[in-house]
Amino acid sequence: KESEDARPMNVALAGPSGSGKSTLAVTLAAALRHEGVRVTLLHQDSYFRLPKPASYWSTPPEHDTPAAVDMERLAEDVRAAGRPPPEPDEAARGAEQLQIVLVEGFLLLQDEPLLSLFDSALFLRVDREACLRRRLQRSTRSESEQEGCRRYFLDVVWPTYERITLPALDAATLPLSVLDGSQPAQARWPL
């Protein structure tokens, strides 16, 4: 049986769409790995039950709700990520290696069974306009799709965040740090 000390630290990184979760997660994982920490990074976006819609104009509103995410499979992967590798790498032989499972996503605080797996959480707080601007800048789209993305964000994504995520944030009982994610990435996380 593994000792409690050998269990990894499971950390949730949550916030609204466009808040910088993925940027921070990748930056943080790289910095921790550089320090010799074994990091498993999981992205909630990899667990959507349905394929990504071809157009924002045809995206169903329920696509951005907890029901659209396979939380059970995500929880299984969080648990599996905490198991030791079958062949520890050379640096880990003979010594306990600090391990962190970092999970980023905009719907992590809403699922109690998943939430119970986390030791702590980081939450990026960013205003609606900054999140929308970042979401629109993420990729190149036609003018029509850009407008579809804007409308979908304003009509579905942000209202869902206010209706579902903010109450879950207020109700969260695990250790949680709220970070200001409004500055450019280089200023926010100069790791």
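Residues numbered from 1 in each chain as written. Predicted model: local features only at pLDDT ≥ 70, side-chain atom pairs only at ≥ 80, totals over all residues. Heavy atoms only, no water.

*Asks:* What is the right way to look at the pairing of strand E4 (residues 120-125) in this model?
*Replies:* Look at any regular strand and the pattern is simple: side chains alternate between the two faces of the sheet. For E4, the tally of buried residues reaches five of six residues, placing the bulk of the element in the interior. Bridging between strand E1 (residues 9-14) and E4 involves four bridges; their strand directions are parallel. In the sheet register, Ala12 faces E4, and the bridge partner there is Ala121. (Buried < 20%, exposed > 50% of the residue type's maximum accessible area, 1.4 Å probe, protein only. Helix = DSSP H or I, 4+ residues; strand = E, 2+ residues; numbered from the N terminus. Pairing = 2+ DSSP bridges.)

*Asks:* What's the story with the sheet that holds E4 in this structure? I'm lost.
*Replies:* Either a parallel or an antiparallel arrangement is found when strands of a sheet pair, and the pairing is made through backbone hydrogen bonds. The parallel open sheet is built from five strands, whose spatial order is E2-E3-E1-E4-E5. The open sheet terminates on both sides in strands that have one partner only, identified here as strand E2 (38-43) and strand E5 (176-180). The sheet shows a mean angle of 20 degrees between the axes of neighbouring strands, direction not considered. Lying on the sheet, helix H1 (residues 21-34) is in contact with E1, E2, strand E3 (99-104), E4 and E5; it crosses E2 at an angle near 165 degrees. (Axes fitted to C-alpha atoms, helices over the stretch in contact; angles between N-to-C directions. Contact = heavy atoms within 4.5 Å.)

*Asks:* Any chance you could explain the nonpolar core here in plain terms?
*Replies:* It is characteristic of soluble globular proteins that their nonpolar side chains tend to be buried jointly. One finds Leu42, Leu74, Val78, Val103, Leu109, Leu114 and Phe118 to be the most contacted residues of the largest nonpolar core, which totals 41 residues. Mapped by element, the contributors of at least two residues to this core are E1, helix H2 (71-81), E3, helix H3 (112-115), E4, helix H4 (128-137) and helix H5 (143-171). Of all the elements, H5 adds the most residues to this core, at nine residues. Beyond its immediate sequence surroundings of up to four residues, Leu74 is in contact with Leu42, Tyr47, Val103, Leu108 and Leu114. Counting 12 residues, the second largest nonpolar core, distinct from the first, contains Leu24, Val37, Ile100 and Leu102. (Core = buried A, V, L, I, M, F, W, Y, C linked by side-chain atoms within 4.5 Å.)

*Asks:* Any chance you could explain the layout of surface pockets here in plain terms?
*Replies:* Regions of empty space are outlined by a rolling probe, equal in size to a water molecule, passed over the atoms. When its volume is computed, the largest pocket comes out at roughly 740 Å³. Lining the largest pocket are 33 residues, with Ser17, Asp45, Tyr56, Arg135 and Arg138 sitting closest to its centre. Counting residues per element, the lining of the largest pocket draws most heavily on H1, which supplies three residues. Counted by class, the lining of the largest pocket contains nine nonpolar, 13 polar and 11 charged residues. (1 Å grid on protein atoms, 1.4 Å probe; cavity = no way out; pocket = protein on both sides within 12 Å on 5 of 7 lines; lining within 4 Å. Points joined across faces, edges and corners; volume = space filled by probe spheres on them. Nonpolar A, V, L, I, M, F, W, Y, C, P; charged D, E, K, R; others polar.)

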